[in-house]
Amino acid sequence: MSSKQNDTKIHLGNYEEFFILFMDNELNKEQRHMVEDFLAAHPDLRGELELLMSTRLPVEEFDINKEELLSENMKVNSVDEDLLLFIDNELTDEKKKIIALELATNADHKLQLTGLMKTKLDADEIISYPNKAELYRRTERVFMLRTWMRVAAILLVLATFGVFYFSRNSTKHTDAIAAGNNAAVQKKNEISIPVNHANDAQPMIVTTSAPKQKSANEEKIIPTKEKKETIIRHHENTPSANDDLVALNEPSEKITERKTTDPIDARLVTGSVIGSIVAENISKDSFNNPIVTSTDSHPYIKEKATVRKPGDGEADVASNDRKGSVKGFLRKASRLIEKRTGIDPVNDNGELLIGAVAVKLK
Amino acid sequence: MTEKEYNECVNLYADNVYRFIVKNLRHEEDARDVVQTAFEKLWRHRNEVDGAKSKSYLFTVAYNQMIDHLRKVKKITLKEDFREETRIYNRPANNLKAVLEEALSKLSETQRSLVMLKDYEGYSYEEIGKIMNLSESQVKVYLHRARLQLKEYIVKVENVI
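Not measured: the values here are computed from a predicted model.

Student: Can you tell me about the overall build of chain A, naming the residues and giving the values?
Tutor: A tally of regular secondary structure across chain A gives 16 helices and two strands. Per-residue burial for chain A yields a buried fraction of 28% across its 362 residues. Put simply, 60% of the contacts in chain A that link residues at least 6 apart link residues at least 24 apart. A total accessible area of about 25700 Å² is found for chain A, and carbon and sulfur atoms account for 57% of it.

As structure tokens, then:
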């Protein structure tokens, strides 16, 4: 009860609440007197009340222009609206005709319309977009190959490569034959001239049939003087005479043909020095290869390719012929050696020793 | 809509959309961005957009994009408006077109857009309502107010001179 009584009376603990209610005019007469008495007792708090009173918005009175709402002005507005709809082309055909008639007769309406027409923007005004290209779009179509198309493409590529490969090989083969013929003709011409090839200072291309671990067609360009030494060294190093036989049996078929017509055998038989005969016979292979008369080694390479070619039936037959002719030649050479030196070239097993250097000690 | 139809839309409407936006924003680069975005959206939704309605679609997208842009740069726009106001007195007022431009700049974005869509593009109230997401009666009232405001401004300037 005492707290309620305290709340109804203004004191230093609740005066702010009373001040706000006073400002908002929410206090009754008795309470207002109570506040005024409190302010008289505490004049220092009057300033606080005045500050609160200053936050109240001042009362403003407005005079609305009632003329705008009068029926007369409403009529003008309706005309305005019609004219606006007219310029916006939003009227029906009937309404348009009525407005057009009114405009023809009423100067005020016409003036109003002229004023409104000034607000219309010029539709012909053009403002171009600076870069239209950036707005265009292009879609990329992905062309999907079907399976049969893919297969066809692969076959086409393979066929193209095949044609290219075979055409290239056939050209090589033709060139090799032509080069071989040329070499044979050249050799014939050279052999017909009595020139001692052994002493020829010109370098020769010597094709040695090397041991199996070496390349079968290894080429060396060596001077003829060195050639003999090479050949001898080769004979010393060779593990068996059979390898030399193989080496001698190597020459190309062209030489086989040449040998039938050439008097080379006779020349070799009438040779005075046994070593030179043997050497010449062993190095006979060198005659099978063309003497280098130019720097162009292509014909040679091509010829070599034809010799190397395995599985060639004709080449095998020619090789067998060559074997027989070389054997015969070697037998003749052996007999000659036997006659001259008195050494039996056949060993105890009845094998013919070829390539063995025999020196008679007397 | 096919690719060809889309590119045809670029040819036909790019300038119109750009004019609509650049007059509202009064900033070329921003206007270009808005137009580009509108065409990008058209391209992305080309399968759903009917070719005959592509113009309205472009204007709708561009308008919404522009409103978004204005919300982002509201303060800058207010500053520009202030500058425009100061420029009015320096321009030759006898040129009606220039005065009308100034009057147009005084309007709100909505009012300005309404006037431009009506006068430049010739859209009906209904079409404008669809583009700007307003009812037909709203379009009518807003547009009328805008016209009267423009008229008032022009008359005022003429009287001053």
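Student: Any details on the packing of helix 2 (residues 28-44) of chain B against helix 3 (residues 54-72) of chain B? Residues and values, ideally.
Tutor: All names here are of chain B. Two numbers describe how helix 2 lies on helix 3: the axes approach to 9 Å, and their chain directions differ by 135°. Taken together, the axes of helix 2 and helix 3 lie oblique to each other. Considering only the axes of helix 2 and helix 3, their crossing is right-handed. Contact with helix 2, carried on its side by Asp-30, Val-34, Thr-37, Ala-38, Phe-39, Lys-41 and Leu-42, involves Ser-54, Tyr-57, Leu-58, Val-61, Ala-62, Gln-65, Met-66 and His-69 of helix 3 and no other residues of that element. Here the contact of helix 2 with helix 3 is composed, by residue class, of nine nonpolar, four polar and two charged.

Student: Account for the interface of chain B and chain A, naming residues and giving values.
Tutor: If you look at the interface, chain B gives 40 residues, while chain A gives 30 residues. Here chain B is connected to chain A by seven salt bridges. B:Lys140 serves as the salt-bridge partner of A:Glu81, at 3.1 Å between the closest nitrogen and oxygen. Linking chain B with chain A are 19 residue pairs in polar contact (both at pLDDT 80 or more), by the criterion used here. Elements represented by at least two residues in the side of chain B that touches chain A include exactly helix 1 (3-25), helix 2, helix 5 (96-106), helix 6 (109-119) and helix 8 (136-160) of chain B. Sorting elements by how many residues they give to the side of chain B that touches chain A places helix 1 of chain B first, with eleven residues. Its residues assigned to classes, the side of chain B that touches chain A comprises 20 nonpolar, five polar and 15 charged.

Student: Any details on the pattern of salt bridges? Residues and values, ideally.
Tutor: Taken as a whole, this structure holds 14 salt bridges over all chains when the rule is applied. One salt bridge connects B:Arg32 with A:Glu134, and the closest N-O pair in it is separated by 3.1 Å. Placement of the pair is B:Arg32 in helix 2 and A:Glu134 in the loop between helix 7 (107-117) and helix 8 (147-192), with the two residues belonging to separate chains. Looking at A:Glu134, the relative accessible area reads 26%, which means it is partly exposed.

Student: So, the nonpolar core: which residues are in play, and what are the values?
Tutor: Core analysis: the largest hydrophobic core is formed by 64 residues, its most contacted members being B:Ile21 and B:Phe39. The dominant element in this core, judged by the number of residues it contributes, is helix 1 of chain B, at eleven residues. What B:Phe39 contacts, discounting residues up to four positions off in sequence, is A:Leu135, B:Tyr6, B:Cys9, B:Val10, B:Tyr13, B:Ala14 and B:Leu58.

Student: If you had to explain the confidence of the model for chain B to someone new, which residues and values would you point to?
Tutor: Residue and element names in this part refer to chain B. Averaged over all residues, the pLDDT of chain B is 84; the fraction at 70 or higher stands at 85%. Confidence, read as mean pLDDT per element, is least for helix 4 (residues 74-87) in chain B (51) and greatest for helix 7 (residues 125-132) (94). Under a pLDDT of 50 for its full length, residues 82-93 has, in the predicted model, eleven contacts with residues more than four places off or in other chains. Here the predicted complex carries an ipTM of 0.75, next to a pTM of 0.45.

Student: Any chance you could break down the confidence of the model for chain A for me, citing the residues and the numbers?
Tutor: Low pLDDT marks regions whose predicted coordinates should not be analysed in detail. Residues and elements named next belong to chain A. Averaged over all residues, the pLDDT of chain A is 67; the fraction at 70 or higher stands at 46%. Across chain A, the element-wise mean pLDDT spans from 42 in strand 1 (residues 204-207) up to 91 in helix 3 (residues 29-41). Under a pLDDT of 50 for its full length, residues 234-273 has, in the predicted model, 61 contacts with residues more than four places off or in other chains. For the stretch residues 283-312, pLDDT sits under 50, and the model shows 58 contacts to residues farther than four places along the chain or on other chains.

Student: Outline the side chain of B:Arg112, supporting the account with residue identities and numerical values.
Tutor: Residues and elements named next belong to chain B. Its place among the elements puts Arg-112 in helix 6. According to the relative accessible area criterion, Arg-112 is buried, its value standing at 2%. Setting aside anything within four residues of it in sequence, one finds Arg-112 in contact with Lys-23, Asn-24, Arg-26, Leu-104, Ser-105 and Leu-107.

What counts as what
What you see as residue numbers is a count from 1 along each chain, following the sequence as written. Each chain is given a letter, starting from A, and each ligand a number, starting from 1, according to the order in which they appear as written. Two thresholds apply to this predicted model, a pLDDT of at least 70 for residue-level local features and 80 or more for giving and counting side-chain atom pairs, whereas whole-chain, interface and lining totals are computed over all residues. Side-chain numbers here rest on the full set of heavy atoms in the structure, without hydrogens or water. Think of it this way: any DSSP run of H or I at least four residues long counts as a helix, any run of E at least two long counts as a strand, and we number them from the N terminus. Working definition: with a 1.4 Å probe on protein chains only, accessible area under 20% of the residue-type maximum means buried, over 50% means exposed, and in between means partly exposed. Residue contacts are defined here by distance: any two heavy atoms, one from each residue, within 4.5 Å place the two residues in contact. Note on areas: Shrake-Rupley, 1.4 Å probe, and residue coverage restricted to the protein chains presented here. Here an angle of 0 to 180 degrees is reported between the N-to-C directions of two axes, which are lines fitted to C-alpha atoms, with helices fitted over the stretch in contact. Roughly parallel means an angle under 35 degrees; roughly antiparallel, over 145; roughly perpendicular, 65 to 115; everything else is oblique. The crossing is said to be left-handed when, going from far helix to near helix, the turn is anticlockwise and less than a right angle, and right-handed when the turn is clockwise. In the scheme used here, Gly and all other residues not listed as nonpolar or charged are polar, with Ala, Val, Leu, Ile, Met, Phe, Trp, Tyr, Cys and Pro taken as nonpolar and Asp, Glu, Lys and Arg as charged. Counted as salt bridges are all cases of a side-chain nitrogen of Lys or Arg within 4 Å of a carboxyl oxygen of Asp or Glu. The definition of a polar contact used here is a pair of N or O atoms within 3.5 Å, where within protein one atom must be able to donate a hydrogen and the other to accept one, and adjacent residues in sequence count solely through side-chain atom pairs. To qualify as a nonpolar core, a set must consist of buried Ala, Val, Leu, Ile, Met, Phe, Trp, Tyr and Cys residues joined through side-chain atoms within 4.5 Å. Summary of the metric used: pLDDT quantifies the predictor's per-residue confidence within the range 0 to 100.

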